[in-house]
Amino acid sequence: MKPLYLASGSPRRRELLTQIGVPFTAVSADIDETPLDHETPSAYVERLARGKADAGRRALSADIDGCVLGADTAVVLDGKILGKPQDQADAVSMLLGLSGRDHEVLTAIAVLDGQRCESRVVRSRVSFRIITEQEALAYWASGEPRDKAGSYGIQGLGAVFVAGLEGSYSAVVGLPLCETAELLGHFGIPCWQNLSAR
Ligand SMILES: Cc1cn([C@H]2C[C@H](O)[C@@H](COP(=O)(O)OP(=O)(O)OP(=O)(O)O)O2)c(=O)[nH]c1=O
C-alpha cells in the first residue's frame with residue numbers, strides 16, 4: 001500500500017483522518033487562497049483542494065511514491081465565499097450576516113498520486129439562530145473564530161449558534177469522512193486498517 005500524506009496544517013483535518021484509522025504523515029501545503037474573478041464557490045474549493053494536494057506533493061522528495069490528500073472548506077452566504085476573518089470587525093460582520101439564516105458549507109477533497117488526481121465537493125446546509133452583536137464580540141474574544149472559515153467552529157463553542165445541519169458534520173469541520181474513505185479506496189488505501197489494534 002502506498003503511504004498517504006495529508007497536505008494540511010489544520011489540526012481538525014489531522015484529527016478527522018486519525019478518526020477513521022488511516023495512517024498518514026502531515027506535510028505543509030501553503031497556497032494562495034484568493035478566489036479568481038467569477039469563480040463559483042464549488043469551483044473555488046475544488047481548485048484549492050487540488051492545489052493543496054499538488055503543493056504537498058511538491059514538498060515531498062521526488063522519489064517518494066505516495067498519495068497526497070488536500071482539502072478546502074468555505075462558508076457560502078448568498079453566493080459569496082466567506083473565508084477566515086481578517087480581524088474582529090470582519091468576524092463580527094460575518095457572524096451577524098449568518099445570524100438567523102441558513103448558509104452552505106462547501107468542502108472539497110482531492111487525492112493524487114503520480115498518475116492522476118480525483119476530487120469531490122461536499123455541500124452541507126447549516127441554520128444559525130439569531131446572534132446578538134454582544135455574543136459575536138464575546139465569541140471573537142474566545143479566540144475560536146480566528147482560523148475558521150465563516151468565523152465559527154461547529155465542533156467548539158460555535159455549536160451554540162447552530163440550530164440545524166443538513167449534510168455532513170465532518171465536512172463542516174473540514175474533512176468529509178465518508179467521501180474521503182471512498183476516494184482513498186480508489187487509490188488502494190483502505191480505512192480503519194488500524195482499528196483492530198485499538
Ligand atoms: C465552518 C467551519 C470551519 N472550520 C475550519 C476548517 C478549516 O480548517 C478552516 C477553513 O480553512 P481552510 O483554508 O479550508 O483550511 P486551513 O487553512 O485551516 O488548513 P489547510 O492547511 O488544510 O489549508 O475552517 C472548522 O473548524 N469548523 C467549522 O465549523
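Keep in mind the model is a prediction, meaning the values are calculated, not measured. (Residues numbered from 1 in each chain as written. Predicted model: local features only at pLDDT ≥ 70, side-chain atom pairs only at ≥ 80, totals over all residues. Heavy atoms only, no water.)

## So, the UniProt feature "site: Important for substrate specificity" (unreviewed entry) in the protein
Per the UniProt record, "site: Important for substrate specificity" (unreviewed entry) is annotated on Arg12, Thr73 and Gln155. These annotated residues cover 144 residues of sequence, and their C-alpha atoms all fall within 14.3 Å of one another, placing them together at a single site. For the largest pocket, the lining residues drawn from the annotated set are Arg12, Thr73 and Gln155. Its location among the elements puts Thr73 in strand β3 (residues 67-77). On the basis of relative accessibility, which here comes to 17%, the residue Thr73 falls in the buried class. Among residues more than four places away in sequence, those in contact with Thr73 are Arg13, Val45, Val105, Leu106, Thr107, Ala149, Ala171, Val172 and Gly174. There is a polar contact of 2.9 Å between the side chain of Thr73 and the side chain of Arg13. Mapped onto the fold, Gln155 is located in the loop between α4 (133-141) and β7 (162-166). Gln155 sits in the partly exposed class, given a relative accessible area of 34%. Setting aside its immediate chain neighbours within four residues, Gln155 contacts Arg12, Lys148, Tyr169 and Val173. (UniProt positions renumbered as here; feature names shortened; annotations may be inferred. 1 Å grid on protein atoms, 1.4 Å probe; cavity = no way out; pocket = protein on both sides within 12 Å on 5 of 7 lines; lining within 4 Å. Helix = DSSP H or I, 4+ residues; strand = E, 2+ residues; numbered from the N terminus. Buried < 20%, exposed > 50% of the residue type's maximum accessible area, 1.4 Å probe, protein only. Contact = heavy atoms within 4.5 Å. Polar contact = N/O pair within 3.5 Å; in protein donor to acceptor, adjacent residues only side chain to side chain.)

## Looking at the nonpolar core
By size, the foremost hydrophobic cluster in this structure holds 37 residues, and its most contacted members are Leu17 and Tyr152. If one sorts the elements of this core by residue count, β3 sits on top with five residues. Excluding its chain neighbours within four sequence positions, the residues that come into contact with Tyr152 are Val75, Leu95, Leu98, His103, Val105, Val126, Phe128, Tyr139 and Val172. (Core = buried A, V, L, I, M, F, W, Y, C linked by side-chain atoms within 4.5 Å.)

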